[in-house]
Amino acid sequence: MKRLLILGLALGAAFAADAGAANAENGKAKAAQICAACHGPDGNKPSAPDQPILAGQHYDYLVRALTDYKIGRRNNPIMKGFAAQLSKQEIEDLAAWFASQKSRLHDQR
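On a predicted model such as this, the values are computed, not experimentally measured, just so you know.

1. Some thoughts on the overall build of the chain
- A count of helical and extended segments in the chain gives six helices and zero strands.
- In sequence order, the secondary structure elements of the chain are arranged as α-α-α-α-α-α.
- Taken across its 109 residues, the chain has 27% of its residues classed as buried.
- Taking the intrachain contacts of the chain between residues at least 6 apart in sequence as the baseline, contacts between residues at least 24 apart amount to 65%.
- Surface summary for the chain: the accessible area is close to 7,700 Å², and the carbon and sulfur share equals 59%.

Next comes the structure, spelled out in structure tokens:
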């Protein structure tokens, strides 16, 4: 009985942790709505030289950057406006989408 209870608790914890996991497909949909105009649909085609390529960027960096725009730690009026409307889950989904994209950037040695 104890084993069954422990197994049930372990499975419940695993499903609870997975429920909040980032979803790149949801991020793709959100990116099409709010990011594509400036960064391109896959994050590879910024519309201006001062807008970064997001494709292939590290997931953790993207989560931090969007969160920092949202809370005002980074100050850019355009990004602050877009990030302010995003939930934590949407930020994670967007980061998963852009991090999963192949970047046009590469190291030159």
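On we go.
2. Considerations on the side chain of D93
- With respect to the secondary-structure elements, D93 resides in helix α6 (residues 88-99).
- Despite its burial, D93 pairs with no opposite charge; the closest candidate is K30, at 8.8 Å N-O.
- Here D93 is in contact with A21, A22, N23, A24, N26 and G27, once residues within four sequence places are set aside.

3. Side note on the layout of surface pockets
- The space that makes up the largest pocket amounts to roughly 510 Å³.
- H39, P52, L54, Y69 and M79 are the residues nearest the centre of the largest pocket, which is lined by 24 residues in total.
- Of all the elements in the fold, those that place two or more residues in the lining of the largest pocket are α3 (36-39), α4 (59-71), α5 (77-84) and α6.
- The greatest single-element share of the lining of the largest pocket, amounting to five residues, is contributed by α4.
- Classifying every residue of the lining of the largest pocket gives 18 nonpolar, four polar and two charged.

4. Considerations on the environment of G40
- Of note, G40 is situated in the loop between α3 and α4.
- The class of G40 is buried, set by a relative accessible area of 4%.
- Separated by 15 residues in the primary sequence, G40 and A55 have C-alpha atoms spaced 9.4 Å apart.
- Contacts of G40, omitting those with residues within four sequence positions, involve C35, K45 and F98.

5. Quick notes on the packing of α4 against α5
- The N-to-C vectors of α4 and α5 enclose an angle of 95°; their axes lie 7 Å apart at closest approach. The orientation of α4 with respect to α5, classified from their angle, is roughly perpendicular. On the side of α4, the interface is formed by L66, Y69, K70 and I71, while α5 contributes M79, K80, A83 and A84.
- In the contact of α4 with α5, the residues fall into six nonpolar, no polar and two charged.

What counts and how
Residues numbered from 1 in each chain as written. Predicted model: local features only at pLDDT ≥ 70, side-chain atom pairs only at ≥ 80, totals over all residues. Heavy atoms only, no water. Helix = DSSP H or I, 4+ residues; strand = E, 2+ residues; numbered from the N terminus. Buried < 20%, exposed > 50% of the residue type's maximum accessible area, 1.4 Å probe, protein only. Contact = heavy atoms within 4.5 Å. Areas by Shrake-Rupley, 256 points an atom, 1.4 Å probe, with all protein chains shown as cover. Lys, Arg positive; Asp, Glu negative; His and termini not counted. Salt bridge = Lys/Arg side-chain N within 4 Å of Asp/Glu carboxyl O. 1 Å grid on protein atoms, 1.4 Å probe; cavity = no way out; pocket = protein on both sides within 12 Å on 5 of 7 lines; lining within 4 Å. Points joined across faces, edges and corners; volume = space filled by probe spheres on them. Nonpolar A, V, L, I, M, F, W, Y, C, P; charged D, E, K, R; others polar. Axes fitted to C-alpha atoms, helices over the stretch in contact; angles between N-to-C directions. Parallel < 35°, antiparallel > 145°, perpendicular 65-115°, else oblique.

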